[in-house]
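# Tertiary structure, described
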Amino acid sequence: MSNPHPQQHPQQPEADDFHELLRSQRVWDTKLPAFDTSAAPREPLALFHRWFAEAVEAGQSEPHTMTLATVDEAGLPDVRTLMLHDADERGWHFASHTNSAKGRQLAAAPQAALGFYWATQGRQVRVRGPVTVGTPDESRADLHARSTGALASALVGHQSEVLPQYGHLLRASQAAWEQAQADPEADVPSWTLYVVEPTEVEFFQGDEHRRHVRLRYRRGDDGGGWIRELLWP
């Protein structure tokens, strides 16, 4: 008797096509900047500011986007892309709702890692450290320093919650836009500024010959000044 439900096998040619397409991609087939680590500043913030400005000058798309890695209540890793809001002596700033997935994760385990990738120059920056929460005034100022669309998005809320139907988002978004335009100072109590206070900052400069340069800054055991050290690529 024939099987009325024959087993379906994945189409191998499509997998082969993907593998070929993947392997055909090239990285850094161009002249990349040199990185003289002996001339690097004593602290990482100044170097980050310089590299960020150079990424903007080089035409890097959205250089202020970064990945944020956290862990959930079970210790499982999570990652997403979001925007950098500032980088100063306190640390690297971003914001979200306290009741979002990342807000809940940071409340349970206030440690995070950030990653920046600026492909135009073959550069990465990695930041790790504990996360502190800004004051309500700082969080409010952060919210209202952004665009009308950003305020409207914050007013919608419900980030990471299950959305029953897309139409619910359309209606909530329209109402939020109208509120944001009518009241640019509208408050969103759940909106919170977070600051990653760095214990490690690594600067990675790609090299077309794969002799990548990695410079890591890490806090000394006494929590004082920065120790600079090269890493094997």
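Residues numbered from 1 in each chain as written. Predicted model: local features only at pLDDT ≥ 70, side-chain atom pairs only at ≥ 80, totals over all residues. Heavy atoms only, no water.

### Quick notes on the pairing of strand 2 (residues 77-83)
Rule in force here: Strand pairing is assigned whenever DSSP detects at least two bridges linking the two strands. Helix numbers and strand numbers start at the N terminus; a helix is a DSSP run of H or I with at least 4 residues, a strand a run of E with at least 2.
In this sheet, strand 2 lies alongside strand 1 (residues 65-71) in antiparallel orientation, the contact comprising 7 bridges. Bridge pairing in strand 2 links Thr 67 to Thr 81. In sequence, strand 1 turns back onto strand 2 through a hairpin of 5 residues, with Gly 75 there showing a positive phi of about 85 degrees.

### Notes on the layout of surface pockets
Spelled out, the test is: A cavity, in this analysis, means grid points on a 1 Å lattice covering only the protein atoms where a 1.4 Å probe fits yet has no way out; a pocket is instead an open set bounded by protein on both sides within 12 Å along at least five of seven lines, and a residue lines either one if it has an atom within 4 Å of a point. Grid points are joined across faces, edges and corners, and a volume is the space filled by probe spheres set on the points. The residue classification treats Ala, Val, Leu, Ile, Met, Phe, Trp, Tyr, Cys and Pro as nonpolar and Asp, Glu, Lys and Arg as charged. All others, Gly included, are polar.
If you add up the space inside the largest pocket, you get close to 490 Å³. Among the elements of the structure, strand 2, strand 4 (92-97), helix 5 (148-156) and helix 6 (166-182) are those that each provide at least two residues to the lining of the largest pocket. Broken down by element, the lining of the largest pocket gets its largest block of residues, 4 residues, from helix 5. Its residues assigned to classes, the lining of the largest pocket shows 12 nonpolar, 8 polar and 3 charged.

### Observations regarding the pattern of salt bridges
Condition: Criterion for a salt bridge: a side-chain nitrogen of Lys or Arg within 4 Å of a carboxyl oxygen of Asp or Glu. Working definition: with a 1.4 Å probe on protein chains only, accessible area under 20% of the residue-type maximum means buried, over 50% means exposed, and in between means partly exposed.
By the definition in use, this model includes 10 salt bridges. In this structure, Glu 54 engages Arg 123 in a salt bridge whose closest nitrogen and oxygen atoms are separated by 2.6 Å. Of this pair, Glu 54 sits in helix 2 (residues 44-57) while Arg 123 sits in strand 6 (residues 123-133); the two residues are 69 residues apart in sequence, bridging distant segments of the chain. Among the residues examined, Glu 54 registers a relative accessible area of 25% and is labelled partly exposed. Put simply, Arg 140 and Asp 137 hold a salt bridge, and the shortest N to O gap is 2.9 Å. Taken as a pair, Arg 140 and Asp 137 lie in helix 4 (residues 136-144) at a separation of 3 residues, close to a single helical turn. Using a relative accessible area of 57% as the deciding quantity, one classes Asp 137 as exposed. Here the salt bridges do not stand alone but share partners, grouping Arg 126, Glu 202 and Arg 214 into one network.

Honestly, it's all geometry; don't read function into it.
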